[in-house]
Amino acid sequence: MASVCFSPDSAQILAGGYRDGAVVLWDARTGKTVMQTKNYSQKPITRAAFSPTGKYLAASDMSGAISIWERNAEGRFSPNPSDTINLPGAILSISWSVDEGSIAAALSGSSAVFVIGRETKAIKKTLAGHESNVADVAFHPIDSSILASASYDDRAIIWDIEQEEPYLFDINGHSNNLSSLAFSPDGTLLTTASWDKTAREWYGLIDYNAQRLRAHEMAVNRLAYLTGKGYLASCSRDGAISIWESTEETWPAPTGIIPLEYPVAGISLSPDGKYLAAAAGENALLLLNMEEYDGSNLPQWELPGITDVAFSPDGRFLAVAGWGVSAIYPMEEGSPSFHSPVVLKEAEDTGLSTIRFSPDGLSVLTITAPNSASLLLKNSAQLWDARTGELLRVFKNHDEPLRAAAFSPDGQYIATASEDFTAIVWEARTGLEKATLIGHTSYVYSLAFSPDGRHVATGSRDNTAKIWRLETGELLLSLDFKGDVNDILYSPDGKSLIAGLQSGEIRIVSVDPRNILNQAERNHNIAQLSPENIKFFRMNEAFEMYEASEGPDSSGIANANPDSSKNPLLSSGNLPLILSFARYFHLQPG
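Definitions and cut-offs
- Residues numbered from 1 in each chain as written.
- Predicted model: local features only at pLDDT ≥ 70, side-chain atom pairs only at ≥ 80, totals over all residues.
- Heavy atoms only, no water.
- Core = buried A, V, L, I, M, F, W, Y, C linked by side-chain atoms within 4.5 Å.
- Buried < 20%, exposed > 50% of the residue type's maximum accessible area, 1.4 Å probe, protein only.
- Helix = DSSP H or I, 4+ residues; strand = E, 2+ residues; numbered from the N terminus.
- Contact = heavy atoms within 4.5 Å.
- Pairing = 2+ DSSP bridges.
- Axes fitted to C-alpha atoms, helices over the stretch in contact; angles between N-to-C directions.
- Polar contact = N/O pair within 3.5 Å; in protein donor to acceptor, adjacent residues only side chain to side chain.
- Salt bridge = Lys/Arg side-chain N within 4 Å of Asp/Glu carboxyl O.
- Lys, Arg positive; Asp, Glu negative; His and termini not counted.
- Phe/Tyr/Trp six-rings, centres within 6.5 Å; stacked < 30°, edge-to-face > 60°.

A.B. asks: Describe in detail the nonpolar core, supporting the description with residues and values.
C.D. replies: Judged by nonpolar contacts, the single largest core of 29 residues is most densely connected at Phe-481 and Leu-497. Residue assignment for this core shows that the elements contributing at least two residues are strand S14 (146-151), strand S15 (156-160), strand S16 (167-171), strand S17 (178-183), strand S44 (464-469), strand S45 (475-480), strand S46 (485-490) and strand S47 (496-501). In this structure, Leu-497 is in contact with Ala-457, Ala-465, Ile-467, Leu-479, Ile-488, Leu-489, Tyr-490, Arg-507, Ile-508, Val-509 and Val-511, ignoring residues within four places of it in sequence. If you look at the next biggest cluster of nonpolar residues, it comprises 20 residues, including Cys-235, Val-264, Ile-267 and Met-290.

A.B. asks: Would you mind going over the sheet that holds strand S9 (residues 91-96) in detail, with residue names and values included?
C.D. replies: Taken together, the 4 strands give an open sheet; going across it, the order is S9-S10-S11-S12, and neighbouring strands pair in antiparallel fashion. A single partner strand is all that each edge strand has here, and the edge strands are S9 and strand S12 (123-128). The sheet shows a mean angle of 20° between the axes of neighbouring strands, taken without regard to direction. Where strand S10 (residues 102-107) meets strand S11 (residues 112-117), 5 bridges bridge the pair, whose relative direction is antiparallel.

A.B. asks: Can you lay out the side chain of Thr-198 for me, pointing to particular residues and giving the numbers?
C.D. replies: Summarising the element assignment, Thr-198 is placed in the loop between strand S18 (189-194) and strand S19 (199-203). The class for Thr-198 is buried, based on a relative accessible area of 12%. Looking at Thr-198, its side chain comes within polar contact range of the side chain of Asp-196, at 2.6 Å.

A.B. asks: Can you tell me about the pairing of strand S40 (residues 422-427), naming the residues and giving the values?
C.D. replies: Of all 6 residues in S40, 5 are buried; the element is thus mostly enclosed. Examined bridge by bridge, strand S39 (residues 413-418) and S40 share 5 bridges and lie antiparallel to one another. The residue bridging Ala-417 from the neighbouring strand is Ala-423, located in S40. Between S39 and S40, which pair antiparallel in sequence order, lie 3 residues; one of them, Phe-421, sits at a positive phi of approximately 75°.

A.B. asks: Quick rundown of the pattern of salt bridges? Include the residues and the values.
C.D. replies: Counted by the stated rule, this structure contains 17 salt bridges. Here Arg-316 ties to Asp-314 by a salt bridge, and the two come within 3.8 Å at their closest N and O atoms. Judged by its relative accessible area of 47%, Asp-314 is partly exposed. Each member of the salt-bridge network shares a partner with another, and the members are Arg-222, Asp-308, Arg-356 and Asp-487.

A.B. asks: A description of the sheet that holds strand S34 (residues 352-357) should follow, citing residues and the corresponding values.
C.D. replies: The strands that make up a sheet are held in pairs by hydrogen bonds between backbone atoms, and each pair lies either parallel or antiparallel. The antiparallel open sheet is built from 4 strands, whose spatial order is S34-S35-S36-S37. Looking at the sheet topology across the chains shown, the edges are occupied by S34 and strand S37 (391-395). Each adjacent strand pair in this sheet contributes to an overall mean axis angle of 20°, direction not counted. Relative to strand S35 (residues 363-368), S34 runs antiparallel, the two sharing 5 bridges. What sits directly across from Ile-355, in S35, is Thr-366.

A.B. asks: I'd like a description of the side chain of Glu-100, backed by residues and values.
C.D. replies: Among the secondary structure elements, Glu-100 is positioned in the loop between S9 and S10. With no salt bridge to any partner, buried Glu-100 finds its closest opposite charge in Lys-55, at an N-O distance of 5.9 Å. In this structure the side chain of Glu-100 is engaged in a polar contact, spanning 2.8 Å, whose partner is the side chain of Ser-51. Once residues within four sequence positions are removed from consideration, Glu-100 is found in contact with Ser-51, Pro-52, Thr-53, Gly-54, Lys-55, Tyr-56 and Arg-118.

A.B. asks: Go over the packing of aromatic side chains with me, naming the residues and quoting the values.
C.D. replies: In the structure shown here, the tally under the stated rule is 9 aromatic pairs. Among the aromatic residues, ring-to-ring pairing joins Trp-301, Tyr-329 and Phe-338 into one connected group.

A.B. asks: With reference to specific residues and values, describe unusual backbone geometry.
C.D. replies: Even without being a glycine, Lys-121 presents a positive backbone phi close to 60°. One can find Lys-121 in the loop between S11 and S12. According to the relative accessible area criterion, Lys-121 is partly exposed, its value standing at 38%.

By themselves, these are just geometric observations and shouldn't be taken as functional.
Here is the structure:
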């Protein structure tokens, strides 16, 4: 038996035979055979599936045929198929769209996904994006335009087949071939299974409300988001600062565009939402009063070589990094006081290109500018005492210049991004490396911690943003933005990732934290079928699979995870439950 599933109303069970090429339908309550074909295909059946309403059923085989049966007026299926669709290759997997107008198929030896019209029996769309054989496909259960595919290139891809460019993004977190995938009935969860012996759950992947903000003619240099006020600000090489004010989690159009005569390298919003500071040109510090600005000239001060600015968490100080002076200035009546700055003492002759306050405001983090000649601080990040300007620690293990640095929300960790294609997570207190994030294929320009501190997002010149598990450094998700990702940040609630692109566009993509890390209380049991035996596994919150039994009884329980004795599958009387798992995970013999 190659495939088994329930009808949508759970009243019938459908199965396809790999060896005999037969399709069989049983009454789920009585076990009585309702319909059985007689070796109609002469070829092994690879997948049998009901359409979402149960009106149709389809079976694919190794000859490249998809046979379709339609219920008659009495609600029954004839043993003979009502229609046949022929494809140019053995079919491994099929899936019905929710409107029942399309069938997706994966063919043996092909890296493409094929979408076929049920009525026309013709290929409507060929989706190219995988680098190896596609093993499984699944339509979204609510939206017929959304399709997922799993491949031997260790990735799953989400597609929007109604778009001219259907490729949406990668799901990249497995270390071996993907064998199958399935959506939950409500469409909020996608589960993937892999030869790496893990199954993973991904939440919130389908972003129907992805937004594209366009207010810059050139590359976006820096983004800033203010918690509570809903302000999103961006600056660009085109010499403009754009400001959006969120309304019900949308940014319809900029509430303000400030045109300047020179590129803006860095911006920062004060915690009370009143001020926006900017590093503009090569020598200007600008300070915008968000509540009073009327379009007239902005207050500005000359600071040679300024590259970045940052308000302290309490808004009482403004830090400035650059080639001339890198210092921290008290804010007095809405203006920085230049009379008693805290100067970063060992940085006078070193160009610094980024500055960030720690969450407690007691230290600042900087990185050395790419073209700095400093031997001491070359290719490094630095931690300074914000009260004295003393150098506390140097984070140095990158092979090339750094492009970005950030504190984790609790201040325990620091992350750095480099032109050596990697990012590194460090322990802030000790300076020891916690994880090296390897996976980008070009400069890593930007990074950000999620608000809960569990993940790190990185943006790169390779046109992707990637999300990593902080604890292990494991790559979890890759998003393709079709352009360099110059800056990236999370929304304060952690549900959106905001990316500033080289094209001047800002993209806002849903990345609900649940799509990356499952909650600890959501343990799931997975059954893996093989010709020799049935193996049982328990999956914990870290997506680690523990073998619990070598056969359909509980004889192997001594070798299981300590709490695997709680596994409800560990009994020979649970075969129907095992078969229901086979439906959702498309488990096949071998």
